[in-house]
Number of protein chains: 2
Amino acid sequence: MKRSDRLVSLMNYFWENPREHTALPVFSERYGAAKSSVSEDLDIIDRVMRHEGIGYLQTLPGASGGVRFIPEFSQENSKVFIRELCDMLEDPERILPGGYLYMSDMLGNPKMVSRIGRVLASTFADEQIDVVVTVATKGIPLAYAVASVLNVPVVIVRRDPRVTEGSSVSINYVSGSSRKIQTMVLPKRSLQEGANVCIIDDFMKAGGTINGMISLLNEFNANVSAVGVLAEADDEEDERVVDKYKSLVKITNVDGKNQQITVAPGNALD
Amino acid sequence: MKRSDRLVSLMNYFWENPREHTALPVFSERYGAAKSSVSEDLDIIDRVMRHEGIGYLQTLPGASGGVRFIPEFSQENSKVFIRELCDMLEDPERILPGGYLYMSDMLGNPKMVSRIGRVLASTFADEQIDVVVTVATKGIPLAYAVASVLNVPVVIVRRDPRVTEGSSVSINYVSGSSRKIQTMVLPKRSLQEGANVCIIDDFMKAGGTINGMISLLNEFNANVSAVGVLAEADDEEDERVVDKYKSLVKITNVDGKNQQITVAPGNALD
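Because the structure is a prediction, the values reported are computed rather than measured.

(A) Just the packing of helix α2 (residues 24-31) of chain B against helix α3 (residues 35-52) of chain B, in detail. Residues and elements named next belong to chain B. The N-to-C vectors of α2 and α3 enclose an angle of 110°; their axes lie 9 Å apart at closest approach. Judged on the interaxial angle alone, α3 and α2 are roughly perpendicular. Counted together, Leu24, Phe27 and Ser28 of α2 and Lys35, Val38, Ser39 and Leu42 of α3 form the full contact between these two elements. Looking at the contact of α2 with α3 residue by residue, the classes come out as 4 nonpolar, 2 polar and 1 charged.

Now the structure itself:
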């Protein structure tokens, strides 16, 4: 197979199998090409990817000399994207009763969700993560976007127990902002003891929901390695119950009366 | 820029922007390459993609001579994948009380979800689809997987109205299998009048939930162009209230007593 064909085929493979370790001989054999030619292909791919700031190929040592594709948004790309998010969110038409912001259009856009996922996943690149956990409903697409970059499964905490999941563990917690008692449920079968977990959600106000998830995950002896949210609201900062987290944007002010919203970059790139 | 570098860059672009129409001059300019060279690049990409059965480049006529990447699983790839799904689902450990099957591990695997989405999206390749609609919770990842291939937004029908979405339309419907009255809600703002909709869900038994979604979508004068589910159960076929749909697999028998499950390919490839 010619180099040009191999490059296209390799790119399909890497995009379909992010973070999957593959031994070089697998490619040599598949393409009927010398190991040195495949190495050159990989060098080209790595160089262009780094140049475009969308990831890189990680070479792994050992007898078989493996490689894997790490999709990663560069700081520069992330900065531009987060600035775009801020601008979109500052549209006064997003103001809903109660000081909430309408974000469903953004969370409903698969391309945007996938970018948010890649930026968040990039900030956790150095953490050991076995599984992404979120709570139904709005965090789900973001959790999948992060998980597909990290190549790990997603586990969804529910607010209502369902018959179709077998036995489960549940906890009650106090919602940070509404101060109401709520329930969270996770099927026993869905999470292994001692897993390294990344919690993802769309929005964090006082942090009660995320804190609830942490308590529930404690029941599984899970280790919470990372917490990531799309947006945080900082109007109640002194009441926040979660301290270690990454946010892409920070909603600093929602003024319904004067139809003004102020959104700044979050702490993800700090 | 050399051909090899251009190919890698183009592949990044196509994988990041499925179904997005791009004029050829955009590429010529970006790479400082003649239009004829870019055309040759695209021919190579198209040929390899078709050969691997994962999609193709669609050339669009007109002055600017555009192109777009249509990710599509070939019949052959789809068949192999559906066969794998059947084998996975026939594991007797999946049997839950009440004749349900545990599928959360499969639905929690982003790579598997993305494949399911690509196979489903391939079966709707000829339909006009503006938006993918699903109902919380388990259909959500599949809906995003289909939507990202089709490059359209996702709208999530909820079972509980939420304060953060503004005014909404709700309906009551009778669940097909449990015969209980349930509620579905869709924020007014989330769907345009007359949209062409593809409904996606993880599981269909009698079809009551999907029928409920169709009724709700009628309130928006939406046109349901396609209905796709991962799995259908056919033990109550004569009671089914939805007739036009595509399923990847069909669970024909769940025998808790003898710990046996029988799963066959659904009608997606018919």
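(B) Structural context of the pairing of strand β10 (residues 196-204) of chain B. All names here are of chain B. Within β10, 8 of the 9 residues are buried, leaving the element largely enclosed by the surrounding structure. The pairing of β10 with strand β11 (residues 223-233) spans 8 bridges and is classified as parallel. Following the sheet pairing, Asn196 is matched in β11 by Asn223. Handedness of the crossover is the feature at issue here: the chain leaves β10, passes through helix α8 (residues 208-218), returns alongside β11, and the resulting connection is right-handed.

(C) Representation of the environment of B:Ile116 within the structure. Residue and element names in this part refer to chain B. Mapped onto the fold, Ile116 is located in helix α6 (residues 110-123). Note: C-alpha distance between Ile116 and Glu127 (11 residues apart in sequence) is 18 Å. Setting aside chain neighbours within four positions, we find Ile116 in contact with Phe81, Leu85, Leu142, Leu230 and Leu248.

(D) Here's a closer look at the domain arrangement of chain A. Residue and element names in this part refer to chain A. Assigned domains of chain A: these are domain 1 (3-71) and domain 2 (75-265). Interface of domain 1 and domain 2: buried area, both sides summed, is about 640 Å²; carbon and sulfur atoms make up 40% of it. Considering only the side of domain 1, the residues that lose the most area to domain 2 are Pro18, Arg19 and Pro71, jointly responsible for 66% of the buried surface there. At the junction of domain 1 and domain 2, the tally comes to 0 salt bridges. Class assignment for the residues of the side of domain 1 that touches domain 2 results in 4 nonpolar, 1 polar and 3 charged.

(E) Layout of the packing of aromatic side chains. Summed over the entire model, instances satisfying the criterion amount to 14 aromatic pairs over all chains. Ring plane angle 85° and centroid distance 5.3 Å describe the contact between B:Tyr13 and B:Phe27, whose orientation is recorded as edge-to-face. Here B:Phe27 lies in helix α2 and B:Tyr13 lies in helix α1 (residues 3-16), a separation of 14 residues in the sequence. Owing to a relative accessible area of 16%, B:Tyr13 belongs among the buried residues under this scheme. The exposure class assigned to B:Phe27 is buried, which follows from its relative accessible area of 0%. These aromatic residues form a ring-pair network of at least three members: A:Tyr13, A:Phe14, A:Trp15, A:Phe27, A:Tyr31 and A:Phe69.

(F) Representation of the side chain of A:Arg94. Along the polypeptide, A:Arg94 turns up in the loop between α4 (75-89) and β4 (95-96). There is a polar contact of 2.6 Å between the side chain of A:Arg94 and the backbone oxygen of A:Tyr102. A polar contact of 2.9 Å, which involves the side chain of A:Arg94, links it to the side chain of A:Asp105. Once you skip the residues sitting within four places of it in the chain, A:Arg94 turns out to touch A:Met88, A:Leu89, A:Tyr100, A:Leu101, A:Tyr102, A:Met103, A:Asp105, A:Met106, A:Ile261 and B:Arg189.

(G) Spatial organisation of the sheet that holds strand β3 (residues 66-71) of chain A. Residue and element names in this part refer to chain A. Ordered in space as β1-β3-β2, the 3 strands form an open sheet in which the pairing is antiparallel. The open sheet has two edge strands, β1 (22-23) and β2 (55-59), and neither has a second partner. Bridge count for β2 against β3 is 5 bridges, and the pairing is antiparallel. Paired with Leu57 across the strands is Phe69, a residue of β3.

(H) Molecular detail of the pattern of salt bridges. Under the defined criterion, the tally for this structure stands at 18 salt bridges over all chains. B:Arg3 is the partner of B:Asp41 in a salt bridge, and the nearest nitrogen-oxygen pair spans 2.6 Å. Separated by 38 residues along the polypeptide, B:Asp41 in helix α3 and B:Arg3 in helix α1 bring together distant segments of the chain. Linked by salt bridges that have partners in common, A:Arg3, A:Arg6, A:Glu40 and A:Asp41 make up one network.

(I) Structural detail: the sheet that holds strand β13 (residues 260-265) of chain A. Residue and element names in this part refer to chain A. Taken in spatial order, the 6 strands line up as β7-β6-β10-β11-β12-β13 in an open sheet, and their pairing is mixed. Only two strands of the sheet have a single partner each, and these edge strands are β7 (154-157) and β13. Pairs of neighbouring strands in the sheet enclose a mean axial angle of 25°, with direction left out of account. Where helix α6 (residues 110-123) meets the sheet, its contacts fall on β10 (196-204), β11 (223-233) and β12 (246-255), and the angle it forms with β12 comes to roughly 120°. Along the sheet, helix α8 (residues 208-218) makes contact with β6 (131-135), β7, β10 and β11, crossing β10 at roughly 160°.

(J) Quick look at the interface of chain A and chain B. In this complex, chain A contributes 53 residues to the contact, which on the side of chain B involves 53 residues. Summed over both sides, the interface between chain A and chain B buries roughly 4700 Å², with carbon and sulfur atoms accounting for 56% of that surface. Inspection of the region where chain A meets chain B yields 6 salt bridges. Joining chain A to chain B, the criterion identifies 22 residue pairs in polar contact (both at pLDDT 80 or more). Contributing elements (two or more residues each) for the side of chain A that touches chain B: α1 (3-16), α3 (35-52), β5 (100-101), α5 (104-107), α6, α7 (140-150) and β7 of chain A. Partitioning the side of chain A that touches chain B into residue classes produces 27 nonpolar, 12 polar and 14 charged.

Criteria and thresholds
- Residues numbered from 1 in each chain as written.
- Chains lettered and ligands numbered in written order.
- Predicted model: local features only at pLDDT ≥ 70, side-chain atom pairs only at ≥ 80, totals over all residues.
- Heavy atoms only, no water.
- Axes fitted to C-alpha atoms, helices over the stretch in contact; angles between N-to-C directions.
- Helix = DSSP H or I, 4+ residues; strand = E, 2+ residues; numbered from the N terminus.
- Parallel < 35°, antiparallel > 145°, perpendicular 65-115°, else oblique.
- Contact = heavy atoms within 4.5 Å.
- Nonpolar A, V, L, I, M, F, W, Y, C, P; charged D, E, K, R; others polar.
- Buried < 20%, exposed > 50% of the residue type's maximum accessible area, 1.4 Å probe, protein only.
- Pairing = 2+ DSSP bridges.
- Right-handed = clockwise from strand over helix to strand, strands pointing away.
- Domains from an automatic or database assignment.
- Buried area = accessible area lost by both parts, 1.4 Å probe.
- Salt bridge = Lys/Arg side-chain N within 4 Å of Asp/Glu carboxyl O.
- Phe/Tyr/Trp six-rings, centres within 6.5 Å; stacked < 30°, edge-to-face > 60°.
- Polar contact = N/O pair within 3.5 Å; in protein donor to acceptor, adjacent residues only side chain to side chain.

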